[in-house]
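One-letter residues, chain by chain:
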Amino acid sequence: MTTETRPPTAAAYRNLVTATIGFTLTFWAWDLIAPIASWYGDRLDLSSFQQSLLVAVPVLVGSVGRIPAGALTDKYGAKLMFPLVSALTIVPVLLLVVVKDSYGLLLVVGFLLGLGGTTFAIGIPLVNSWFPPAKRGLALGVFGMGMGGVALSGYFTPRIAEHGENLPFLVVAIALAVYAVLAALLITDRPGRPVPTASLAARLGSAARLRVTWELSALYAIGFGGIVAFGVYLPTYLKTWYELDPTDAGTKAAGFALVTVVFRPIGGWLSDRVHPALVTAVALGVVALLAIVQAFDPPLNPGGTTALLVMAAGLGTASGSVFALVSQVTPQAEVGSVTGIVGATGGLGGFLPPLVMGAIYSAKGSYSIGFMLLSDLALAGCVYAYGRMRGIEPDDGTPSLPPPKLTTTSP
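Because the structure is predicted, anything quoted here is derived from the model rather than measured. (Residues numbered from 1 in each chain as written. Predicted model: local features only at pLDDT ≥ 70, side-chain atom pairs only at ≥ 80, totals over all residues. Heavy atoms only, no water.)

Concerning the overall build of the protein chain
In step 1: For the protein chain, the helix and strand inventory stands at 17 helices and two strands.
In step 2: Against the 2.2 N^0.38 benchmark of 22 Å for 411 residues, the protein chain shows a C-alpha radius of gyration of 20 Å, consistent with a compact globule.
In step 3: Structurally, the protein chain occupies a C-alpha span of about 60 × 45 × 35 Å along its principal axes.
In step 4: Long-range pairs, those at least 24 residues apart, make up 87% of the contacts in the protein chain between residues at least 6 apart in sequence.
In step 5: Averaging the coordinates of the 23 positive side-chain charges in the protein chain and doing the same for the 20 negative ones gives two points 10 Å apart. (Helix = DSSP H or I, 4+ residues; strand = E, 2+ residues; numbered from the N terminus. Rg over C-alpha atoms; globule rule 2.2 N^0.38 Å. Contact = heavy atoms within 4.5 Å. Lys, Arg positive; Asp, Glu negative; His and termini not counted. Charge placed at Lys NZ, Arg CZ, Asp CG, Glu CD.)

Okay, structure coming up:
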């Protein structure tokens with residue numbers, strides 16, 4: 001029995017669980033500002049666009065930061081990168097306590113807070129290396145459930161803040177410190193994993209020259225980008241359009257995020273059985289349809305709630321299926337680099353929509369145009385996934401480009 005068909009080991013599941021917990025906590029930290037953005041808006045008398053920019057900055061930095069984070073993980077391994085990034089994220093979390101009365105400084109700290117969003121590109125190559133191809137879709141989907149940190153943030157951050165405006169930041173900082181210690185003890189890189197010796201620029205260049213990198217990036221920008229955009233902007237949308245109070249808006253946004261979390265491993269599981277491009281096409285088709293429904297501003301109960309939750313299911317499924325496709329067509333030694341680029345593009349897909357939605361509402365007093373744009377993008381992704389990506393078969397182990405120089409860690 002080869003390593004590609006051998007059942008996952010206990011170490012594989014230990015790493016999966018530990019990485020998923022870390023991904024969840026760092027995503028909570030990454031999303032700390034969004035659930036209380038309206039509080040900052042009232043405190044600092046911010047416009048809708050200023051609030052949108054405040055919640056979008058961490059998304060931008062966390063997305064772009066995945067590119068070097070993924071490449072560095074290929075080089076140095078998740079055993080170093082996961083606890084290091086988790087520990088460093090504590091710094092901007094605590095700085096939020098200090099800068100709460102300055103919009104300019106909040107933007108600077110939000111920039112630093114983006115570090116928490118880079119752990120996605122650390123966990124994907126770790127999980128991918130420990131699980132055989134037939135199990136990777138589900139395993140990567142389970143790891144992807146760590147984006148539930150957004151749901152935890154949406155639900156708990158405003159509630160904890162009711163007991164002390166600085167308390168959410170202290171709680172998250174302590175949790176990150178505890179996790180950083182546990183990660184250093186529990187995360188292990190797979191023995192014998194290929195370690196590239198080429199430079200960071202050469203490895204990123206190799207990944208960037210793969211056509212499939214950009215095809216997957218576009219699809220992930222729609223799927224995961226939609227999740228991030230809703231995660232950071234949905235509380236503001238619900239408060240502004242449906243006139244919910246911040247706590248109720250945060251709760252409903254957490255419910256949206258929870259649905260995406262549940263459906264991400266379902267997308268991976270389906271992709272282990274059906275071509276992931278087909279799963280992606282169906283999921284994005286559902287999103288396109290329900291975005292049109294929401295564009296007509298249905299009452300929140302039951303029409304709006306139903307439309308938003310079904311969109312959440314579609315976006316979660318698409319996010320899981322796209323990364324199942326990444327694991328199939330990417331050479332093992334380049335998974336981190338490709339993941340960094342794809343993950344960055346997906347996160348950037350979540351950076352622009354909050355700004356667009358805020359700008360549209362400020363100009364037109366309506367969000368309908370924004371939802372129609374989402375429908376157009378989702379439909380384009382559906383057509384491309386079905387028409388082009390179904391032709392991509394699982395990689396047979398031969399990279400489409402000359403492989404980078406590799407060394408191998410000793411077993």
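A look at the side chain of Thr18
In step 1: Take Thr18: it is sitting in helix 1 (residues 10-30).
In step 2: The exposure class assigned to Thr18 is buried, which follows from its relative accessible area of 6%.
In step 3: Apart from the residues lying within four places of it in its own chain, the contact partners of Thr18 are Tyr179, Ala183, Leu186 and Ile187. (Buried < 20%, exposed > 50% of the residue type's maximum accessible area, 1.4 Å probe, protein only.)

What about the packing of helix 5 (residues 78-98) against helix 7 (residues 120-130)?
In step 1: It is the contact of helix 5 with helix 7, at a shortest axis distance of 10 Å, that shows an interaxial angle of 150°. With respect to their mutual orientation, helix 5 and helix 7 come out roughly antiparallel. In the packing of helix 5 onto helix 7, the handedness of the crossing is left-handed. Note on element contacts: helix 7 touches helix 5 through Ile122, Gly123 and Leu126, opposite Ala78, Met81, Phe82 and Val85.
In step 2: Residues belonging to the contact of helix 5 with helix 7 are distributed by class as follows: six nonpolar, one polar and no charged. (Axes fitted to C-alpha atoms, helices over the stretch in contact; angles between N-to-C directions. Parallel < 35°, antiparallel > 145°, perpendicular 65-115°, else oblique. Left-handed = near helix turned anticlockwise from the far one by under 90°. Nonpolar A, V, L, I, M, F, W, Y, C, P; charged D, E, K, R; others polar.)

A closer look at the environment of Ser366
In step 1: Within the element layout of this structure, Ser366 appears in the loop between helix 16 (335-364) and helix 17 (368-387).
In step 2: It is 8.2 Å that separates the C-alpha atoms of Ser366 and Trp241, two residues lying 125 residues apart in sequence.
In step 3: If we skip the residues at most four places from it in the chain, Ser366 touches Trp241, Asp297, Ile360 and Tyr361.

Comments concerning the packing of aromatic side chains
In step 1: In this structure the tally under the stated criterion is ten aromatic pairs.
In step 2: Judged by centre distance (4.5 Å) and plane angle (65°), the ring pair of Phe23 and Phe27 falls under edge-to-face. You can see Phe23 and its partner Phe27 sitting in helix 1, four residues apart, about one turn around the helix. Just as Phe23 is buried, Phe27 falls in that class too. (Phe/Tyr/Trp six-rings, centres within 6.5 Å; stacked < 30°, edge-to-face > 60°.)

Thoughts on the packing of helix 5 against helix 6 (residues 103-113)
In step 1: Close contact between helix 5 and helix 6 brings their axes to 8 Å; oriented N to C, the two are set at 160°. By the angle between their axes, helix 5 is roughly antiparallel relative to helix 6. Of the two elements, helix 5 crosses helix 6, and the hand of that crossing is left-handed. Two secondary-structure elements touch here, helix 5 through Pro92, Val93, Leu95 and Leu96 and helix 6 through Leu106, Val109, Leu112 and Leu113.

Focus on the pattern of salt bridges
In step 1: Scanning the entire structure with this criterion turns up four salt bridges.
In step 2: Across the salt bridge formed by Glu165 and Lys100, the nearest N and O atoms sit 2.4 Å from each other. Placement of Glu165 in the loop between helix 9 (149-161) and helix 10 (167-186) and of Lys100 in the loop between helix 5 and helix 6 is noted, with a sequence separation of 65 residues between them.
In step 3: Its relative accessible area of 12% is what places Lys100 among the buried residues.
In step 4: If you follow the salt bridges from partner to partner, you end up with Arg43, Lys100, Asp101 and Glu165 in one network. (Salt bridge = Lys/Arg side-chain N within 4 Å of Asp/Glu carboxyl O.)

Some details on the side chain of Gln294
In step 1: In this structure, Gln294 sits in helix 14 (residues 276-295).
In step 2: Its relative accessible area of 0% is what places Gln294 among the buried residues.
In step 3: Discounting residues that sit within four places of it in the chain, Gln294 has contacts with Tyr237, Tyr242, Gly304, Ala307, Leu308, Met311 and Phe371.

Some points on the confidence of the model for the protein chain
Low pLDDT means the predicted atomic positions in that stretch should not be read closely.
In step 1: In this model, the protein chain carries a mean pLDDT of 82, and residues with pLDDT of at least 70 account for 90%.
In step 2: Within the protein chain, helix 10 carries the highest mean pLDDT (95), whereas strand 2 (residues 406-408) carries the lowest (44).
In step 3: Note on residues 394-411: pLDDT under 50 across the span, and 32 contacts to partners over four residues away in sequence or across chains. (pLDDT = per-residue confidence, 0-100.)

Some words on the nonpolar core
In step 1: Formed by 113 residues in total, the largest nonpolar core has its most connected members in Val93, Phe143, Phe230, Leu238 and Met311.
In step 2: Non-local contacts of Leu238, meaning those with residues more than four positions away in its chain, are made with Glu243, Leu244, Ala249, Lys252, Ala253, Leu300 and Leu308. (Core = buried A, V, L, I, M, F, W, Y, C linked by side-chain atoms within 4.5 Å.)

Quick look at helix 8 (residues 133-144)
Each α-helix winds once per 3.6 residues, and so residues spaced three or four apart point in a common direction.
In step 1: Compared with an ideal rise of 1.5 Å per residue, which puts twelve residues at 16 Å, helix 8 spans 17 Å between its outermost C-alpha atoms and is within 8% of the ideal.
In step 2: For helix 8, the set of buried residues is Arg136, Gly137, Ala139, Leu140, Gly141, Phe143 and Gly144. (Expected span 1.5 Å × (residues − 1).)

A look at the environment of Ile292
In step 1: Summarising the element assignment, Ile292 is placed in helix 14.
In step 2: Each C-alpha atom, one on Ile292 and one on Leu374, is 8.5 Å from the other, the two residues being 82 residues apart in sequence.
In step 3: Ignoring any residue separated from it by four or fewer positions in sequence, one finds Ile292 in contact with Met372 and Ser375.

Digging into unusual backbone geometry
In step 1: For the bond from Asn301 to Pro302, the omega torsion is 0°, close enough to zero to count as cis.
In step 2: Along the chain, the position of Pro302 falls in helix 15 (residues 300-329).
In step 3: For Asp297, which is not a glycine, the phi torsion comes out positive at approximately 55°.
In step 4: Its relative accessible area of 25% is what places Asp297 among the partly exposed residues.

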